[in-house]
Amino acid sequence: MIKKLLIANRGEVALRILRACKDMNIKSVVVHSSADSSSMPVRLADESVCIGPGPSKDSYLNITSIIAAAEITGADAIHPGVGFLAESEKFSRMVEEHNIIFVGPKPEHIALMGDKITAKKTAVKLGIPVVPGSDGIIDNIEKAKEIAAEMGYPIIIKATAGGGGKGMQVVEEPKDLDEAVKIAQKEAQANFDNPDVFMEKYLQNPRHIEIQVISDMHGNSVHLAERDCSIQRRHQKIWEEAPSPAITENKRAMLGGIVVNAMKHLGYRGVGTIEFLYEDGKFYFIEMNTRLQVEHPITEMITGIDIVKEQILVASGKPLSFKQDDIKITGHAIECRINAEHSETFLPSPGVVESYHAPGGYGVRIDSHLYTGYAIPPYYDSLISKLIVHGSDREEALRRTSRALSEYVITGIDTSIPLHRKLATNSDMQTGNYNVHWLERSFLPKAKK
Ligand code: ADP
């Protein structure tokens, strides 16, 4: 069993993992940048090691410093959290080469799913339906035009190494394809150090449905149902729900079964999320994330499974403590991602939190590293808090979300709380009648007026 875990991350997710360590009686080490010296995870960890200055490339992405910190502190495992090195094949391989447990999948599975084209090809082989598109990278614009004409416009161009909603280009008409491919390749090179792009049919009204899985090293895989992450801005999730208001028990069992079989076939270990677009009753694979997801708490609320604890247990070599039949969905959960940004202009708003009051009460959970006087550094992701609410059904969860948001006070910086307050009482949200384009096409233009 893991005795001392090094957390190679920051902010709320570092705190989430740290809390699991304390609950499991595992010693904790947090590595941090000098900009995070007074952060909550650093204050609460058993040990902390400063690994460099503020910019991520000099600290949270500095593999040698992180591994050195693990060796110096005698940590026997490293949890990469979410983002930074969580999906780096190189990092996971180097961690294992130093005889340290990597709390995550095998390096080869990270590599397999880290490249979207390879991931889609693997999905096809495993019997998972994918979004129609180019078979490989776009290396010949004339051929790309033929494929696009065959599929029909609009199409979307994506970076094969992409993530975080970056670098996607939607093309409505053939005359714009050439230019869009060039822009996408440039952005892909700048963001992911890899210019390769591919093409997919751009679906008009899909929901984003993802399945949470967990697998141990003994051949067991279980799915923990779906999350609906269709409320997005710039292809990034803002509000998530579990279960999806649009998925029936039969569909869940069908899709969950396909995913579990695929994981068993791969010999996958650890937690993972398989993401689909869902339109007109059909699912289309888009990608797999080989790590913990930001939105994992809503699954914890409806299943009663502590996903981070189970992740640490399976990384220690323990068999899963539950079977598929043990997983029962109770009620409905919602997560609001609260960012340090203006709720209408979306401009980032780092700075000092002058006062902080978190909501509470039955069914309310806050995963946040904020405190009064905390200075949010300018270097990182703007996520500052996750409000997670559980209700006996969706109606109650929505009312409770609204209630909790009305109690939440964060002053000194701009936050996205006002946006969430409007969302929680919106009529389309009440009926669950939304898709991935709804926020930007229907909600935000009206919210501005
Ligand atoms: P990333 O890895 O950058 O997050 P994804 O491939 O997971 O990119 O897609 C993120 C989001 O972009 C999806 O949830 C969806 O809203 C939108 N998207 C991606 N592919 C398509 C598509 N083929 N048609 C319509 N929307 C898409």
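About the criteria used
Residues numbered from 1 in each chain as written. Predicted model: local features only at pLDDT ≥ 70, side-chain atom pairs only at ≥ 80, totals over all residues. Heavy atoms only, no water. Helix = DSSP H or I, 4+ residues; strand = E, 2+ residues; numbered from the N terminus. Buried < 20%, exposed > 50% of the residue type's maximum accessible area, 1.4 Å probe, protein only. Domains from an automatic or database assignment. Contact = heavy atoms within 4.5 Å. Buried area = accessible area lost by both parts, 1.4 Å probe. Phe/Tyr/Trp six-rings, centres within 6.5 Å; stacked < 30°, edge-to-face > 60°. Lys NZ or Arg CZ within 6 Å of the ring centre and 35° of its normal. Salt bridge = Lys/Arg side-chain N within 4 Å of Asp/Glu carboxyl O. Pairing = 2+ DSSP bridges. Axes fitted to C-alpha atoms, helices over the stretch in contact; angles between N-to-C directions.

Visitor: Lay out unusual backbone geometry with the relevant residues and their values.
Guide: Omega for the bond connecting Tyr-153 with Pro-154 falls within 30 degrees of zero, at -5°, which places this linkage in the cis form. Relative to the assigned elements, Pro-154 resides in the loop between α7 (141–151) and β6 (155–159). Cis peptide bonds are those with omega within 30 degrees of zero, and the linkage from Ala-242 to Pro-243 qualifies with -10°. The topology assignment puts Pro-243 in the loop between β11 (236–242) and α9 (249–266). Of note in the backbone geometry, Ala-225 takes a positive phi value of approximately 65° without being a glycine. With respect to the helices, strands and loops of the structure, Ala-225 is situated in strand β10 (residues 221–233). Among the residues examined, Ala-225 registers a relative accessible area of 2% and is labelled buried.

Visitor: Kindly report on the domain arrangement of the protein chain, identifying the contributing residues and their values.
Guide: Considered domain by domain, the protein chain is made up of domain 1 (4–86), domain 2 (132–201) and domain 3 (207–447). On a C-alpha basis, the centres of domain 1 and domain 3 stand 23 Å from each other. Facing 31 residues of domain 1, the contacting portion of domain 3 comprises 27 residues. Taken over both partners, the interface formed by domain 1 and domain 3 buries close to 2100 Å², and the fraction arising from carbon and sulfur atoms is 63%.

Visitor: Explain the packing of aromatic side chains to me, using residue names and the numbers behind them.
Guide: Per the counting criterion, the structure on display carries 12 aromatic pairs. Note on Phe-84 and Tyr-380: the rings are 6.4 Å apart at their centroids and 80° apart in plane angle, and the pair reads as edge-to-face. Here Phe-84 is found in the loop between β4 (77–79) and α4 (89–97), whereas its partner Tyr-380 is found in the loop between β18 (375–376) and β19 (383–391), with 296 residues between them in sequence. Residue classification places Tyr-380 among the buried positions, given a relative accessible area of 12%. Judged by centre distance (5.3 Å) and plane angle (35°), the rings of Trp-438 and Phe-443 are tilted. Overall, Trp-438 belongs to the buried group, its relative accessible area being 5%. Residue classification places Phe-443 among the buried residues on the basis of a relative accessible area of 6%. Residue placement shows Arg-207 over the ring face of Tyr-434; its charged tip is 4.4 Å from the ring centre. Just above the ring of Phe-346 sits the side chain of Arg-233; from NZ or CZ to the centre is 3.6 Å.

Visitor: Can you explain the pattern of salt bridges? Please cite residues and give values.
Guide: This model, assessed by the stated rule, comprises 30 salt bridges. The salt bridge involving Asp-36 is made with Arg-10; its shortest N-O contact spans 2.6 Å. Here Asp-36, found in the loop between β2 (27–33) and α2 (40–44), pairs with Arg-10, found in the loop between β1 (4–7) and α1 (11–23); they are 26 residues apart in sequence, far enough to count as distant. The salt bridge involving Arg-365 is made with Glu-300; its shortest N-O contact spans 2.9 Å. Of this pair, Arg-365 sits in strand β17 (residues 364–368) while Glu-300 is found in helix α10 (residues 296–303), placing the two residues 65 residues apart along the sequence. This pair shows no difference in class: Arg-365 is buried, exactly as Glu-300 is. Connected through shared salt-bridge partners, Glu-210, Arg-227, Lys-237, Glu-240, Glu-275, Glu-295 and Arg-337 make up one network.

Visitor: Explain the sheet that holds strand β5 (residues 101–102) to me, and be specific about the residues and the numbers.
Guide: Spatially, β3-β2-β1-β4-β5 is the arrangement adopted by the five strands of the open sheet, whose pairing is parallel. Of all the strands in the sheet, just β3 (47–52) and β5 have a single pairing partner and so form its edges. By the bridge criterion, five bridges tie β2 to β3 in an arrangement that is parallel. Following the sheet pairing, Ser-33 is matched in β3 by Gly-52. Packing against the sheet, α1 makes contact with β1, β2 and β4, and its axis sits at approximately 175° to β1.

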